[in-house]
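Fold and contact review
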Amino acid sequence: MLLKNTHNELIKILAKPRSYIGFLALTVLIGVILLAMKADGDNFISFVTASFEQTLSFNGLILNGNLIAFIILQMLIIHVPLLVALVTGDLVSGEAAMGTLRMMGTKPISRNSFLLSKFLAGAIYTFFLTVWLAFLSLIVGQFMFGTGDLIVLNSDGLVIIPEYDIMWRYGLAFCLAYLSLLSIATMSICFSVFSDNSIGPIVSTMAVIILFTIIGSLDVSTFDYIQPFLITTHMASWRSLFEIPVPYDAITDSIIILLVHIIGFTLLALWWFNKKDINT
Amino acid sequence: MKYILILIIGLFSGAFYAQDSAQDLLNKVVDKTSLVNDYSASVLIKPDVPMIKSLPVKAKIYFKKKDKFKVVSKSIAILPKQGFTDVNVFLSNPKNYMVVEAGTKVINNTTTRLLTVIANESSSEIILAKLYVHPKHYVVLESEITTRSSGTVRVNYQYSSQLSYGLPSQIKFTVDVKEFKMPKSFSTNPHKSGASKKNKRKTGTIVLDITNYVVNKGVSDSIFQK
Amino acid sequence: MGCLKIMSELIVSVKNLKKSFKGFKALNDVSFSVYKNDVFGFLGPNGAGKSTSLRCMLSLIEADDGHIEIFGKSLSKNRFEVLSNIGSIIEKPDFYKYLSAFKNLEIMARISGRQVSKSEIEDIIHFVGLEGREKSKFKTYSHGMKQRLGIAQALMHNPELIILDEPTTGLDPQGIVDIRELIIKLSKEQGKTVILSSHQLSEIEMIANRMVIINKGKSIIEGEVSELLNSSQMMVRFSSDDPEKFCSILTKEFSDIADLKVTESEIEFEVNRENIPEINALMVGQNITISGIEQKRKLEDYFIKMIQNEK
């Protein structure tokens, strides 16, 4: 019954116009970035190397598809979660608002299966959105700008990664990015369970992302204790894959934190959904 | 008579040494390098600069008289800002500078002669050049070049198969990095503190191992076009 | 009264159902029983607890106390088996607006607990009179069409028990007749059991064989409609120019008159329906002008009486 209803959920997601907003928005956003880079990318690059250019010169193909993909991922780290929440935040509350939750609630499917199928469908939607992001940023970027070494500016300096050493990093980076987006998806579905209207969970998810991002970026000792556990802190963990050497321990910690969030939100949602009276 | 002969010999000896003056020595160095009309070579660039992590990079370098120089590399190669040809171009015109001999220094078991080159024009990019010259081979083993925009760069040279042309087999640049600072507000990496760090090392090195020279066989101008 | 029914299979047994929402007692001891092939009327004023009771039966709501058994099985312990055999419409039928009717039915069919083929879906669409519109999006449907689609999803997996919450709301007269005939057909021809909650008392009176009336979350009375209403008796209203004389003659000539009420121009009373023509003829013979005769719905009167008694 879980798989049958997951099939149902995917049909519903595919039929909703809002499901395509994310893909369209990514296409437009990334398209604009690619065109901007094509037009004026060298000036943008000089920002990366400005600190060093008094003494050093950088030769070779700096502005290449690998760098473009990195820049795009950096820029969209806040925006893509919102595009995910737009769909996943509506999965339960949208049905409550429409009245179909009442119809489906009378069917012989357990509430656990019903809700888990929504989580599964949300995860599949998020996966395809991530794949689209990867395709546009990396594949199209490489097609337009070629390939080459990747120059990355981190908080403790420049890292130059040879071309042969990049693709596996991007493979894992997109996996990590997917995990980050999945944690946002589960959070928004969890909020959706507590609401009977469509907008509340989406706005709540956005608010949490923005608030946690601000807290995470504040250099205030008060927040030092909670910053390592915030979901948004670990949403950028994919960047660590572009360090030399790669801090695998730290990345593992991020994966664990994100998985804990995913499992926690799922269990909370299941608990409340089983308790909930369907009065809509 | 005998004493007059000794005096004359002594005077001529002095005259002989007096001809190998600082300018003469420098001219011999410049003359040697001017034997090279063009060359191409393979280079392995090994940077060791604070706040930059990079693996060694293979590249090709091309030179054509008098100041065309190109590094061709698909990989990102870090090189000193100061170009390979700047010093040679500067030294090729004696009117640009005055040179004095300022002592000696032993480098790799060779007693080199220190030539201090001072720019005549106040607007010259190269302000001061200290060249430690091999007295017999007329090649520079070490230099300290002070420029207006890049500060002071110390360079060490080693020679092997292309000594006759004055083309080094290894060049080691020591660059001043105390100006490198990371912006505090840059995107944080969750696994780093995020605060700006001042590097503790003040200098960094870039070593170039140059092999497979092809000298005076012709290099197309199209290589130097971007 | 119940001799025959004791032999019929008990399909639904609801006992002492209680449910509160934030201190408000929506259900405070609702009990009733439904037997096989019943068309069971579920009556009560607004806010009586009808929808809440039905939601409890369909596990949309968890009751605070009480017991629900359907097909001889506890609902809480056999949810899948029980719900597989129930088709229902609670309040208005809601579907996915952005999907076609056919797609909506496919989605429901997939989790109905039984294999429902595409041809069966097509058959049910034809059965409810929506052929030709199955590819249209639900949002383009009229109210009547939505109601039909609701019935389609309730029937398509061939359930034994059908629960309909006000199925004729918003329908035109023809639609109401169609629903009524459908319910009768389901019960008489297909042997299904129907629980029908409705405000259309005439509908209940016409098609239900058993009923329960609830008010303020409590069951008031339950039983056979015919026995409760004693349908040979009915309320009748005569309009006359001389009500006093009418009453005087009526009470003198007929002994089984009950609930007599007189106004300036109308006389209302309960009487055996067979006596109505005789009363009319008698009054006309006594030169009393009769300007109108109205048969009042018995159930309506009974219902109001029951509710007022509870107050």
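Analysis parameters
- Residues numbered from 1 in each chain as written.
- Chains lettered and ligands numbered in written order.
- Predicted model: local features only at pLDDT ≥ 70, side-chain atom pairs only at ≥ 80, totals over all residues.
- Pairing = 2+ DSSP bridges.
- Helix = DSSP H or I, 4+ residues; strand = E, 2+ residues; numbered from the N terminus.
- pLDDT = per-residue confidence, 0-100.
- Contact = placed C-beta atoms within 7 Å.
- Axes fitted to C-alpha atoms, helices over the stretch in contact; angles between N-to-C directions.
- Parallel < 35°, antiparallel > 145°, perpendicular 65-115°, else oblique.
- Left-handed = near helix turned anticlockwise from the far one by under 90°.
- Nonpolar A, V, L, I, M, F, W, Y, C, P; charged D, E, K, R; others polar.

1. Description of the pairing of strand 1 (residues 38-48) of chain B
All names here are of chain B. Of the pairings in the sheet, the one linking strand 1 to strand 3 (residues 57-64) comprises 8 bridges and is antiparallel in character. Residue pairing in the sheet places Ser-40 in a bridge with Tyr-62 of strand 3. With 9 bridges joining them, strand 1 and strand 12 (residues 203-215) adopt antiparallel strand pairing. Across the sheet, Pro-47 pairs through a bridge with Ile-206, a residue of strand 12.

2. Concerning the confidence of the model for chain C
Do not read the fine detail of predicted coordinates wherever pLDDT is low. Residue and element names in this part refer to chain C. For chain C, the mean per-residue pLDDT works out to 87, and 92% of the residues sit at or above 70. Confidence drops under a pLDDT of 50 for residues 1-5, and excluding neighbours within four residues, the segment shows 4 contacts in the predicted structure. Scored as a complex, the prediction yields pTM 0.81 and ipTM 0.85.

3. Some words on the packing of helix 1 (residues 2-15) of chain A against helix 4 (residues 101-110) of chain C
Relative to each other, helix 1 of chain A and helix 4 of chain C sit at 160°, their axes nearing to 9 Å. It follows from the interaxial angle that helix 1 of chain A and helix 4 of chain C lie roughly antiparallel. As for the relative orientation of helix 1 of chain A and helix 4 of chain C, their crossing is left-handed in sense. Between helix 1 of chain A, through Lys-4, His-7, Asn-8 and Ile-11 of chain A, and helix 4 of chain C, the contact on the second element is made entirely by Lys-103, Ile-107 and Arg-110 of chain C. Among the residues forming the contact of helix 1 of chain A with helix 4 of chain C, the class breakdown is 2 nonpolar, 2 polar and 3 charged.

4. Examining the packing of helix 4 (residues 79-88) of chain A against helix 8 (residues 167-193) of chain A
Between two packed helices, both the angle of their axes relative to each other and the distance between the axes serve to describe the pair. All names here are of chain A. It is the contact of helix 4 with helix 8, at a shortest axis distance of 9 Å, that shows an interaxial angle of 35°. For helix 4 against helix 8, the interelement crossing comes out right-handed. For the pair helix 4 and helix 8, the contacting residues are Val-80, Pro-81, Val-84, Ala-85 and Thr-88 in the first and Leu-181, Ile-184, Ala-185, Ser-188 and Ile-189 in the second. In terms of residue class, the contact of helix 4 with helix 8 is built from 8 nonpolar, 2 polar and no charged.

5. Concerning the pairing of strand 3 (residues 157-161) of chain A
Across 5 bridges, strand 2 (residues 150-154) of chain A lies against strand 3 of chain A in antiparallel orientation. The residue of strand 3 of chain A that forms the bridge with Ile-151 of chain A is Ile-160 of chain A. The antiparallel pairing of strand 2 of chain A with strand 3 of chain A creates a hairpin that spans 2 residues between the two strands. Two elements, strand 3 of chain A and strand 2 (residues 52-54) of chain B, share 3 bridges in a ladder whose sense is parallel.

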